[in-house]
Amino acid sequence: MNRAKLKKNFLSYYDFNLLFVVLFLSCFGLVMVYSTSYYSAQLKLGDGAYYMKRQAEFMVIGILLMLWVATRDYHAWARLWFLGWGVSIILMILVNFTSFGIDFNGKKRWLGFNGHALFQPTEFVKVAMILVTAVLISKMNRYLGTMRSIRMIFYFAILPFGLVAMNNLSSGIIIAGIVVGMYLVATREKWSVWLLTGVIAAAVLMAKFGTGLLLNLPFLHQYQLSRILVWNHPEAYPQSGGFQVLQGLYAIGSGGLFGKGLGNSVQKLGFVPEAQNDMIFSIICEELGLFGAVCVILLFLFMLYRFMVIANNAPDLLGSMMVIGVMAQIALQVFLNIAVVTNFIPNTGVSLPFISYGGTALLVLLGEIGIVLGVSRQIQFEAEEEESSAEEESEPAAQIRSITSAGR
Amino acid sequence: MKTSQPTTESPKEPKKTKRIRRFMQKKLASAYLLVALALFVLVGVIVWIIYGRGAAYSRIVLNQQTVNSSVIPFRRGTITDRNQTVLAASEQVYNLILDPSVILQGNADDQAATVAALMNTFGYTQEEMTEVLTQNANSAYVRYARELSEEQKTAFETYRTEYNSGKDNVGKVSNTGVWFESEYKRVYPYDSLACTILGFSGTDSSQGNWGIEQYYNSYLVGTNGRSYGYLNRDGVIERTTRSAEDGATIVTTIDYTVQRIVENAIQEFIADKTVDNVGVVVMDPKTAEILAMATDSMFDLNNPQDLSARYSEEEISAMNDSEKSDALNAMWRNFAISDTFEPGSTAKVFTEAAALEENLAEADTTFDCDGGEQVVDRYIRCSHRHGELTFEEALGKSCNDAMMQMAKLMGKSVFAKYQNLFGFGRLTGIDLPGEASGILYTEDKMSSVDLATNAFGQNFTCTMVQMAAAYCSVLNGGSYYKPHVVKEILSSGGDVIEEVGSTVVRETVSKSAVEVLKNGLAMVVSDGTAKNAVIQGYTVGGKTGTAEKYPRGSENYVLSFVGFTPVEDPELLVYVVVDNPHSKEVPKYTVKDTAVPLEQKIMRSLLEYLNITPAQAFDADAEAPREPETDADGNIIDDVVTPAVREEMDEEVPEGGFVTPADDGPPAEVPTDAEGNTIPAEEREDAAEGEGEEGEAEGEGEAAEGEAAEGEDAENGEDAENGEAAEGDDAENDKDAEDDAENAEGEDEE
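Because the structure is predicted, anything quoted here is derived from the model rather than measured. (Residues numbered from 1 in each chain as written. Chains lettered and ligands numbered in written order. Predicted model: local features only at pLDDT ≥ 70, side-chain atom pairs only at ≥ 80, totals over all residues.)

Draft legend 1. Expanded view of the overall build of chain A. Scanning chain A from terminus to terminus reveals 17 helices and three strands. Relative to its 408 residues, chain A shows a buried fraction of 50%. Long-range contacts, defined here as pairs at least 24 residues apart, represent 69% of the contacts in chain A between residues at least 6 apart. (Helix = DSSP H or I, 4+ residues; strand = E, 2+ residues; numbered from the N terminus. Buried ≥ 20, exposed ≤ 12 C-beta atoms within 10 Å, placed from the backbone. Contact = placed C-beta atoms within 7 Å.)

Draft legend 2. Spatial organisation of the overall build of chain B. Summing up its helical and strand segments, chain B has 26 helices and 21 strands in all. Evaluated residue by residue, chain B yields a buried proportion of 48% over its 750 residues. Considering only intrachain contacts with a sequence separation of at least 6, the fraction spanning at least 24 residues in chain B is 74%.

Draft legend 3. Molecular detail of the packing of helix α3 (residues 50-71) of chain A against helix α15 (residues 359-377) of chain A. All names here are of chain A. Put simply, α3 and α15 touch, their axes get as near as 7 Å, and they point 20° apart. The pairing of α3 with α15 is recorded here as roughly parallel in orientation. As for how α3 packs across α15, the hand of that crossing is right-handed. A class-by-class count of the residues in the contact of α3 with α15 yields 16 nonpolar, six polar and two charged. (Axes fitted to C-alpha atoms, helices over the stretch in contact; angles between N-to-C directions. Parallel < 35°, antiparallel > 145°, perpendicular 65-115°, else oblique. Left-handed = near helix turned anticlockwise from the far one by under 90°. Nonpolar A, V, L, I, M, F, W, Y, C, P; charged D, E, K, R; others polar.)

Draft legend 4. Spatial organisation of helix α20 (residues 595-609) of chain B. Residues and elements named next belong to chain B. The terminal C-alpha atoms of α20, which comprises 15 residues, lie 22 Å apart, in line with the 21 Å expected from a rise of 1.5 Å per residue. Of all the 15 residues making up α20, eleven are buried; the element is thus mostly covered by neighbouring parts of the structure. Among all positions of α20, only A595, V596, P597, L598, E599, Q600, I602, M603, R604, L606 and L607 are buried. Elements that come into contact with the buried residues of α20 comprise α10 (256-270), β9 (277-284), β19 (541-548), β20 (557-565) and β21 (572-579). (Expected span 1.5 Å × (residues − 1).)

Draft legend 5. Here's a closer look at the environment of L451 of chain B. Residues and elements named next belong to chain B. Inspection of the secondary structure assignment puts L451 in helix α17 (residues 448-454). Judged by the 21 C-beta atoms lying within 10 Å of it, L451 falls in the buried class. Dropping the residues within four chain positions of it, L451 is found in contact with A407, K412, F415 and M446.

Draft legend 6. Here's a closer look at the sheet that holds β21 of chain B. Residue and element names in this part refer to chain B. Here five strands make up an open sheet; going across it, the order is β10-β9-β21-β20-β19 and the pairing antiparallel. Each edge of the open sheet carries a strand with a single partner, namely β10 (289-295) and β19. Along the sheet, successive strands turn relative to each other by an average axial angle of 10°, direction set aside. Pairing geometry for β9 and β21, over seven bridges, is antiparallel. In the strand pairing of β21, G279 is matched with V577. Of the strands in this sheet, β9 and β10 touch α10, which is tilted by about 25° from β10. (Pairing = 2+ DSSP bridges.)

Draft legend 7. Summary view of the pairing of strand β13 (residues 378-381) of chain B. All names here are of chain B. Burial along β13 is two-sided: R378 and I380 and Y379 and R381, pointing in opposite directions, are all buried. As paired strands, strand β12 (residues 372-375) and β13 are joined by four bridges and run antiparallel to one another. When the bridges of β13 are listed, V375 appears paired with R378. Here β12 hands over to β13 after two residues, with V376 in that stretch at a positive phi of 50°.

Draft legend 8. Quick peek at the environment of A113 of chain B. Residues and elements named next belong to chain B. Within the secondary structure, A113 is located in helix α4 (residues 108-122). Judged by local crowding, A113 falls into the buried class, with 21 C-beta atoms found within 10 Å. Spatially, the C-alpha atoms of A113 and N164 are 9.3 Å apart, while their sequence positions differ by 51 residues.

Draft legend 9. Region of the structure containing the environment of K18 of chain B. In this structure, K18 of chain B sits in the loop between α1 (4-9) and α2 (22-68). In contact with K18 of chain B, not counting residues within four places along its chain, are S138, D316 and L317 of chain A.

Draft legend 10. Representation of unusual backbone geometry. T565 of chain B connects to P566 of chain B through a cis peptide bond whose omega is -20°. Mapping P566 of chain B onto the fold places it in the loop between β20 and β21. Here the phi dihedral of F354 of chain A falls at roughly 70°; this positive angle occurs in a residue that is not glycine. Positionally, F354 of chain A belongs in the loop between α14 (317-341) and α15. You can call F354 of chain A buried: it has 29 C-beta atoms within 10 Å. Non-glycine residue N580 of chain B carries a positive phi angle of around 60°. Considering the arrangement of structural elements, one finds N580 of chain B in the loop between β21 and α20.

Draft legend 11. Structural context of the nonpolar core. Among the nonpolar cores identified, the biggest contains 142 residues, and L198, V280, V281, A468, L573 and Y575 of chain B are the most heavily contacted of them. Per-element tally for this core: the top contributor is helix α18 (residues 464-475) of chain B, with ten residues. Split by domain, this core shows at least three residues from each of two domains, domain 2 (73-250) and domain 3 (259-298 + 340-678 + 689-710 + 720-747) of chain B. Ignoring any residue separated from it by four or fewer positions in sequence, one finds V281 of chain B in contact with I290, M293, A336, M464, V465, A468 and Y575 of chain B. Residues M279, I297 and L352 of chain A together with I20 of chain B belong to the second largest nonpolar core, which totals 135 residues. (Core = buried A, V, L, I, M, F, W, Y, C linked by C-beta atoms within 7 Å. Domains from an automatic or database assignment.)

Draft legend 12. The pairing of β21 of chain B, seen in detail. Residue and element names in this part refer to chain B. When you tally the buried positions in β21, you get eight out of eight residues, the bulk of the element. Alternating residues of β21 divide into L572, V574, V576 and V578 and L573, Y575, V577 and D579, and every residue in both groups is buried. In terms of strand pairing, β20 meets β21 through eight bridges, oriented antiparallel. Residue pairing for β21: V562 is matched across the bridge by Y575. Counted along the chain from β20 to the antiparallel partner β21, the turn is six residues long.

Draft legend 13. Geometry of the packing of helix α14 (residues 348-357) of chain B against helix α19 (residues 511-527) of chain B. All names here are of chain B. Their axes nearest at 10 Å, the elements α14 and α19 cross at an angle of 145°. For the crossing formed where α14 meets α19, the hand is right-handed. Across the interface between the two elements, V349, E352, A353, L356 and E357 from α14 touch A513, V516, L517, G520 and L521 from α19. A class-by-class count of the residues in the contact of α14 with α19 yields seven nonpolar, one polar and two charged.

Draft legend 14. Representation of the confidence of the model for chain B in the model. Residues and elements named next belong to chain B. Chain-level pLDDT for chain B is 76 on average; 77% of the residues reach the 70-or-more range. Here residues 1-15 is modelled with pLDDT under 50, and outside its nearest four sequence neighbours on either side it reaches 20 contacts, counting other chains as well. With pLDDT under 50 throughout, residues 617-750 is counted as low confidence; its partners more than four residues away or in other chains account for 239 contacts. Predicted as a complex, the structure gets a pTM of 0.52 and an ipTM equal to 0.86. (pLDDT = per-residue confidence, 0-100.)

Draft legend 15. Representation of the confidence of the model for chain A in the model. Residues and elements named next belong to chain A. For chain A, the average pLDDT comes to 81, and 82% of its residues sit at 70 or higher. Looking across chain A, the model is least confident in helix α16 (residues 382-387), with a mean pLDDT of 43, and most confident in α3, with 94. Here residues 7-11 is a poorly scored stretch, pLDDT under 50, and it has three contacts once near neighbours within four places are set aside; other chains count. Low pLDDT, under 50, characterises residues 381-408; the stretch is placed with 38 contacts to residues that sit more than four places away or in other chains.

Below you can see the structure in the form of structure tokens.
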């Protein structure tokens, strides 16, 4: 394969729509992190811009990482699938069972040294599981959809899932969601979709109305149980668990149609704790109103739409599955985050992609977007890759046009 | 979809590559739709929260704010005099806050104990307490009493602690139901001292009104702190406090003692007479620092809304709101910077300065005063027929004729240039609000008559501070400093934030010219119009000024005197303006029995306090003949063109018979400025000519008679012109409406 030719053609297609929406959301996130954290950062750290500056550093590094990842062939990442899987397990074991794990608010979620937190390995596990699942699915041929394929994926997924869910159920749910989502898209059969829907619905109904039953379930932690109780009746626990949820709801409710104006939230003044983290969406609602909230949701929908277009046109199933994995992760996180903030589901710590404060999450997400962009760049080349450079110059260009127009 | 496209191009190869299949695309699309649907459900939830619960939640949000966070007020900055004497400061006081909702939650014993505590320490009655608690039963915040002292607060808190720790006491005094909110109260320890300079600040400590309080408000205010509490995830109240940042301290150039002396002298001065205004400015000519600035209008800064010093109870109650606010503004107004008037002869020094600078005259140049000057169509008189005068004598004797000759020599443009250079017609930039600029003729609007009358300080207006600052520039050797009342600004911790200091705005005259001018000004006191300004042991210079107010002939004068000492190296300048003095005992006040003695008295009191060394040489050689008593001879002459001329020699002027020479009587009223037309009424022209001839032909005494004889005619002429003047003023309104309005006292009556 002549690289020069490839490179030239790579430049000819680039999903600028996706790139733009990612950059826009990251910058918007930076503004919101500044707005939400200024007051508490000024009070506690003496520097109102502290969180904003840290997030900006990660954002710059993340964007460079994204652009670099996008220049590589995505197959190179796929080849690392088993390594990634192994490293994930090692990291999770280190976090859960050794002194390298650092706990915040009673939960061991950070990996670090002597109490200096470095990063959250669960974010890494998410990428690794996307790669693992994509590779497994693309390698299964005929038996995709059979019990054998399910077992295969289950064996690979159960260990990381279990290790993550031990201390961080919400991340566990996301990992499970990614794997199950990717598998469901790839298989022909439909019964599993209905089964899944039924299970989720039953769980929700039980949580909502069968509280007594829940109390006897052995596998739920005390804090998870109390969150369910709070979810049912936040007003009944205004001083304890319901505080954060209630304050978030107050923020949303008091925002109105157009909000109080950027920077004018009062709920961030100590009422919504750590407003720059998981609860940032409630402050977006308070400051920018329903209008701002819908705009943010539409931006995410547009981003997901671009993922779908890229997945549909990827040169091979591996590329498609990788994109679908990223898509599943972002869709799940957006949904879960907003659902928690609006008290649609019980409180669980899921951050809003690209917007919530969090260095590791932002870095990993931008890296994933790099992979997606890398896939998008190869869309039109499957013909040439096989056929070498005998092709007419005008030919790829015409394909690009057809792809882009199809994409819209 | 494009999947089919490559297939057509390379039929065999693509089959190798496993691509996403159509059913997967379909599933992906339905998954996407599912996600979109789910997100729209969430949007629906948000809509429900906003429109279903929004109102209630907004209320809760507001309630939380008031309950959980409180403002820690900043302390407004202190204002001190130049020696750190505090002139204005903020004192901490406390508001008593009751929280009936908390108090009433307690059992009957607790409630009774709390009420008893309030009654015992603050002397409230049982009924009062019951009423406030029952009427505000659901309220969490009732500001029951304001401005309690630290002692009262401590008394209550001690009582509460002791009562609650006593074993035999029934019930507990509520800890959270009664609390104190701190606040600052502005206090002016010397009540009315320097009231017009300081201005005042009320209960809202972020605002200042008038004076330094207003001008330096941005420095005086600090930033409020905040104490807020919230419940953390574990339901524990966390309280965080960010302390307030206090305002800066303003160190003024004012000297408490000097200000006190000046104010007392003014009060003593006005005790036996009525005046429109009295203003005194005391400055250091070397830096244009204002040591004192006072007017006769005094008010209590601790109670600035109180009009009782000026009006009776009935008058105040009869006022409506706008009348009341007018009366208050008139009382708060700083005459020394906000009011303009015709300066009169005090301005002559600037005409001479211009003549020297332009090399049109030297110290030994002589002028011949023949009693007046014919300017275009009118004859403008001098106070006397001075005969031959040296340059210095022209100032010393205050000769109008010499000034007119000089002005004529230099012409309008040069004259206007120097007026501008000395700061007339423009703001001095003094650091106080409400400064006026006065009205001047611009070069193109100035007629020859205007030039002639302006040369001796008539027919244009200025403020006290303009005049004082211009004098400082002459006395210190030619540097025009921006007059100022603030020396430096200190942080609340005492570090210097800003050195306001003295800034040279421009150079006015050369050092050599200054020496000549100072000799002339010294002559005013030693052998001129202000002999009673002499202070034993000191060399004093100065210049008097007398200007008749509008309408001319009404015998209302603005009398002024600028005095300074020592002449050789002036360290102190005292400028006194007495506006329209009258009393039953004295038929007519002149500058020599108003402004000059007031200035002399103030300066004499200040010399020792300010440690200004007496000048021995001057003392020995020239003191005796310059006893202040000489003024009794009636030799003290002032110098005004207007009917004020009569003050020169009272005995020679028949009562009521003195007549303004038609042209100089109402110089400011001449409509020429506005209309560009210098032709006055014909009769006036005749009269002026006739009179001019007589004046020239006859001696001083006879000139007065001549004036007397033609009094009637000339007065008529003046009346006729007053009508025109009104038009002229209207036209001028366009030019400078604001200043004109400020000048209204001079021009309105017409």
